[in-house]
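What follows is the residue order along each chain.
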Amino acid sequence: MKKKEPEFNGEFEESDADTPKKGLVMNVSDTQYDVVKFVGNKIFKWKLQFDPQGTGWDMFWTDCAVSPEQLGKMQPHQKINHFPGMYSLARKNHLGRNLMKMKKQFPNDYKFFPQTWLLPAEYGDFKNQFQKGKARTFIIKPEASCQGRGIFLTRNINDINPNDHYVAQRYMHRPLLIDGLKFDLRVYVLLAGTDPLRIYVYKDGLVRFATEPYQAPNGANLEDVCMHLTNYAINKDNPNFIFNQDATKMDVGHKRSIKSVFEKLEQQGSNIKKLWDDMSTLFIKTFCAVQPILAHHYKSCQPDNFANNMCFEILGMDIFINEKLQPILLEVNHTPSFTTDTPLDSLIKKNLIRDTLKLMNINQKTKDQILTQRREFMQQRVLTGKKAKITNEEKQQLINLAQQQRDEYENANLGDYFKIYPLEDSKKYDAFIEHAALIQDQWTGTNVKRNTKKESIIVPPLSVKLQKPSTPSTNFPKLRAESTNYANTVVGEDETSARIKKSKSKPRAEQLVIKPRVIIVKKPNIPKPCLQPKIFDLDIGIK
């Protein structure tokens, strides 16, 4: 009989009775969330470590970004809940820049986010949007804020300082309404690998409602943030806000579960399966835009991690749904809040973290296997006195084997996740990743370094027939000085060294062969596409 899982009531206190003396260690020194500690200690029975400088941990959970240096120091069996380089999605200005570059090449595929301007760099173009006779509404966001801080709506260019750093977007009109209220979705997406991408979507999440009945924006209601913005941090202080009080009633209040809202929409005739498919495509294309950046950071820190499994990240994707049931990406949060101030939050976030840690295969058996392989590798290195080298074919075989083992385990331990990448039809996304790699190479100058190769162009040798020394000197052909230089001068020598060589050289009697000139030239810079490794055929699909 399966043992009943402990319930989380929103608070956590560690007791000696629940702390194992042996087993895995979870470092929670850099997280404020009790639900994370509860899952690690009460559900997985891991020992909690509160020392920021501790090194003997197996799982490190942090509320902050991870630096490349931190990942580079990790052991193969250790895991951490962020990827270095995730700023490329999490920062509003970086997200806008990366998506707009992709939209320029693929306008029909990257139209799932609002029209965006990065200020002050694009202030001139943004100013042109304010034309007389056209009342357009824009939403202005600080480029590095969260929880709705500093956001405002405007129809007047004079409301914006030309020197301030903002991300400006077209206001999304005609939202889908429930009970007359505007809402957005917080969908939890798990990135479990970068090369190849491994992406999972959680079936449940949060629906955040505005607290004032929706009206189209006009000059009189632009400042009513509780009507136009759905951020929980903004609306929870409104007197109209209704908090969820019962985990069994997920469809009550101004924060509800995705499952309960989708069930209601499906009863009203909405095609929820198509909505999930559209959102999944949106998520994949978003990650494709930054895959080369994330893969570069990861490989630079852990080049020998063939399993591609030392990092994972739960991202909070904020999705706007319009009246045609089309999803629009608003933001990507790399540190979504795991605050549990309602029973609904406690249940959803506890299950999310539990299923994530289980999916990432963090257990004693896996750790022992990795340490055994590491020990055998070090013993072989001691015996041979050098690091074992493997061919590219052997390396690819190890990568394929590791990915196949991951597929088998993860497909059997999905919990409430479903996999969206890689699948059988994933090849259609390769063009996006290749173009993103080309953009990255051009941005960093990598393509110049990668493709600058030297090749030699051989100038045909010059030969001059000479008569025997007994022949009178008047019959010798006159050799020009530059011809002699070809014979005795190496490209790049000065005249003094050339004369010294000339004095020491003895011309042949029959024939003087002039050495070929070698001219070094550079090949033209031809961008080299970054092809994604072959995706394995999986006998699964999205349910």
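Here the structure is a predicted model, which means the values were calculated and not measured. (Residues numbered from 1 in each chain as written. Predicted model: local features only at pLDDT ≥ 70, side-chain atom pairs only at ≥ 80, totals over all residues. Heavy atoms only, no water.)

Enquirer: Whenever I open this one, the sheet that holds strand S7 (residues 152-154) confuses me. Can you help?
Expert: Sheets are built from strands that pair by backbone hydrogen bonding, the pairs being arranged parallel or antiparallel. Taken in spatial order, the four strands make up an open sheet running S5-S8-S6-S7, and their pairing is antiparallel. Each end of this open sheet is capped by a strand with a single partner; those strands are strand S5 (116-119) and S7. Within the sheet, the average angular offset between the axes of one strand and its neighbour, ignoring direction, is 25 degrees. (Pairing = 2+ DSSP bridges. Helix = DSSP H or I, 4+ residues; strand = E, 2+ residues; numbered from the N terminus. Axes fitted to C-alpha atoms, helices over the stretch in contact; angles between N-to-C directions.)

Enquirer: Explain the pairing of strand S8 (residues 166-170) here, please?
Expert: It is a general feature of regular strands that their side chains alternate between the two faces of the sheet. With respect to burial, S8 is a largely interior element, four of its five residues being buried. With four bridges joining them, S5 and S8 adopt antiparallel strand pairing. Counted as the bridge partner of Thr116 is Gln169 from S8. Pairing of strand S6 (residues 138-142) with S8 involves five bridges; the strand directions are antiparallel. Bridging from a neighbouring strand, Lys141 pairs with Val167 of S8. (Buried < 20%, exposed > 50% of the residue type's maximum accessible area, 1.4 Å probe, protein only.)

Enquirer: Would you explain the pattern of salt bridges in this entry?
Expert: A side chain of one charge can pair with a side chain of the opposite charge when the charged atoms of the two come close. Applying the stated rule across the entire model yields 26 salt bridges. Asp345 is the salt-bridge partner of Lys349, the closest N and O atoms lying 3.1 Å from each other. Here the residue Lys349 and the residue Asp345 both occupy positions in helix H11 (residues 343-359), the gap between them amounting to four residues, near one helical turn. Neither residue differs from the other here; Lys349 and Asp345 are each classed as buried. The network of salt bridges with common partners includes Arg198, Arg406, Asp407, Glu410 and Lys419. (Salt bridge = Lys/Arg side-chain N within 4 Å of Asp/Glu carboxyl O.)

Enquirer: I would appreciate a short explanation of unusual backbone geometry in the present structure.
Expert: Working note: non-glycine residues mostly have negative phi, and peptide bonds are mostly trans. The amide bond that connects Asp195 to the next residue, Pro196, takes the cis arrangement and shows omega of 0 degrees. With respect to the helices, strands and loops of the structure, Pro196 is situated in the loop between strand S9 (183-194) and strand S10 (197-202). With an omega of 0 degrees, the peptide bond running from Tyr421 to Pro422 counts as cis. For Pro422, the location among the structural elements is in the loop between strand S15 (417-421) and helix H14 (430-444).

Enquirer: For this particular structure, what's the right way to read the environment of Ala295?
Expert: Positionally, Ala295 belongs in helix H10 (residues 291-301). Ala295 sits in the buried class, given a relative accessible area of 7%. If sequence neighbours within four positions are ignored, Ala295 has contacts with Thr194 and Asp195. (Contact = heavy atoms within 4.5 Å.)

Enquirer: Before we go on, may I ask you to explain the packing of aromatic side chains in this structure?
Expert: Scanning all chains against the criterion turns up 27 aromatic pairs. Linked through ring pairs, Phe106, Tyr110, Phe112, Phe113, Tyr421, Tyr429 and Phe432 together constitute an aromatic cluster. The residue whose ring lies beneath Lys103 is Phe113, and the NZ or CZ to ring-centre distance is 5.5 Å. Over the face of the ring belonging to Phe209 we find Arg256, whose NZ or CZ atom lies 4.4 Å from the ring centre. (Phe/Tyr/Trp six-rings, centres within 6.5 Å; stacked < 30°, edge-to-face > 60°. Lys NZ or Arg CZ within 6 Å of the ring centre and 35° of its normal.)

Enquirer: In this structure, what is going on with the nonpolar core? I would like to understand it.
Expert: Generally speaking, nonpolar side chains in soluble globular proteins are found buried as a group. Membership of the largest hydrophobic core comes to 65 residues, with the highest contact counts inside it found for Tyr110, Leu185, Val187, Phe262 and Phe283. For this core, the element with the most residues is helix H9 (residues 272-288), which contributes nine residues. With sequence-adjacent residues up to four places away left out, Phe283 is seen in contact with Val187, Val189, Val201, Met317, Ile319 and Ile420. Among the nonpolar cores identified, the runner-up in size contains 34 residues, and Tyr33, Val35, Ile43 and Leu190 belong to it. (Core = buried A, V, L, I, M, F, W, Y, C linked by side-chain atoms within 4.5 Å.)

Enquirer: How do you make sense of the layout of surface pockets when you look at a structure like this?
Expert: In this approach a probe as big as a water molecule rolls over the atoms, and the regions it shows empty are the leftover space. The space that makes up the largest pocket amounts to roughly 1600 Å³. Together, 40 residues line the largest pocket, and Asp304, Phe306, Ala307, Ile370 and Gln373 are the ones closest to its centre. Looking at the lining of the largest pocket, the elements that each hand over two or more residues are helix H12 (364-384) and helix H13 (392-411). Of all the elements, H12 adds the most residues to the lining of the largest pocket, at eleven residues. When the residues that make up the lining of the largest pocket are grouped by side-chain class, the tally is 17 nonpolar, eleven polar and twelve charged. (1 Å grid on protein atoms, 1.4 Å probe; cavity = no way out; pocket = protein on both sides within 12 Å on 5 of 7 lines; lining within 4 Å. Points joined across faces, edges and corners; volume = space filled by probe spheres on them. Nonpolar A, V, L, I, M, F, W, Y, C, P; charged D, E, K, R; others polar.)

Enquirer: Would you mind going over the side chain of Lys92 with me for this structure?
Expert: Its location among the elements puts Lys92 in helix H4 (residues 92-105). Non-local contacts of Lys92, meaning those with residues more than four positions away in its chain, are made with Lys141, Pro142, Glu143, Ser145, Cys146, Val167 and Glu331.

Enquirer: Would you take a moment to explain the sheet that holds strand S1 (residues 25-30) for this structure?
Expert: Strand order in the open sheet formed by four strands is S2-S1-S3-S4, with parallel pairing between adjacent strands. Edge positions in the sheet fall to strand S2 (47-49) and strand S4 (79-80), since each has one partner strand and no second. Contacts from helix H1 (residues 34-43) reach S1, S2 and strand S3 (59-62), with the element oriented near 165 degrees to S1.

Enquirer: Just to check I follow, could you spell out the environment of Met26 for this structure?
Expert: With respect to the secondary-structure elements, Met26 resides in strand S1. With 21 residues separating them in the primary sequence, Met26 and Lys47 have C-alpha atoms 6.1 Å apart. In this view, Met26 contacts Val36, Gly40, Trp46, Lys47, Leu48, Gln49, Met59, Trp61 and Leu357; residues no more than four positions away in its chain are not counted.

Enquirer: How should I be thinking about the packing of H10 against H14 in this particular structure?
Expert: Between two packed helices, what matters for the description is the angle formed by their axes and the separation of those axes. At a minimum axis distance of 8 Å, the contact between H10 and H14 shows a crossing angle of 70 degrees. When the axis of H10 is compared with that of H14, the two are roughly perpendicular. Of the residues in H14, those touching H10 at Gln291, Pro292 and Ile293 are Ile433, Ala436, Ala437 and Gln440. Across the contact of H10 with H14, the residue classes tally to five nonpolar, two polar and no charged. (Parallel < 35°, antiparallel > 145°, perpendicular 65-115°, else oblique.)

Enquirer: Could you clarify how one ought to interpret the confidence of the model for the protein chain in this entry?
Expert: Of all residues in the protein chain, 79% attain a pLDDT of 70 or more, and the chain-wide mean is 85. pLDDT under 50 marks residues 454-512. Its contacts with residues more than four places away, or in other chains, come to 64 contacts. Ignoring residues within four places in sequence, the model shows residues 526-543, a span with pLDDT below 50, making 38 contacts including any to other chains. (pLDDT = per-residue confidence, 0-100.)

Enquirer: How do you make sense of the state of the cysteines when you look at a structure like this?
Expert: Note: disulfide means a covalent bond formed between the sulfur atoms of two cysteine side chains. In the structure shown here, the tally under the stated rule is zero disulfides. Note on Cys311: no disulfide assigned, nearest cysteine sulfur contributed by Cys301 at a separation of 7.9 Å. (Disulfide = S-S within 2.5 Å.)

Enquirer: Explain H4 to me, please; I cannot follow it from the model alone.
Expert: Given 3.6 residues to a turn, an α-helix orients residues that are three or four positions apart in the same direction. Counted at 1.5 Å a residue, the expected span for H4 with its 14 residues is 20 Å, and the 21 Å between its end C-alpha atoms agrees. Among the residues making up H4, those that are buried are Lys92, Asn93, Leu95, Gly96, Asn98, Leu99 and Met102. (Expected span 1.5 Å × (residues − 1).)

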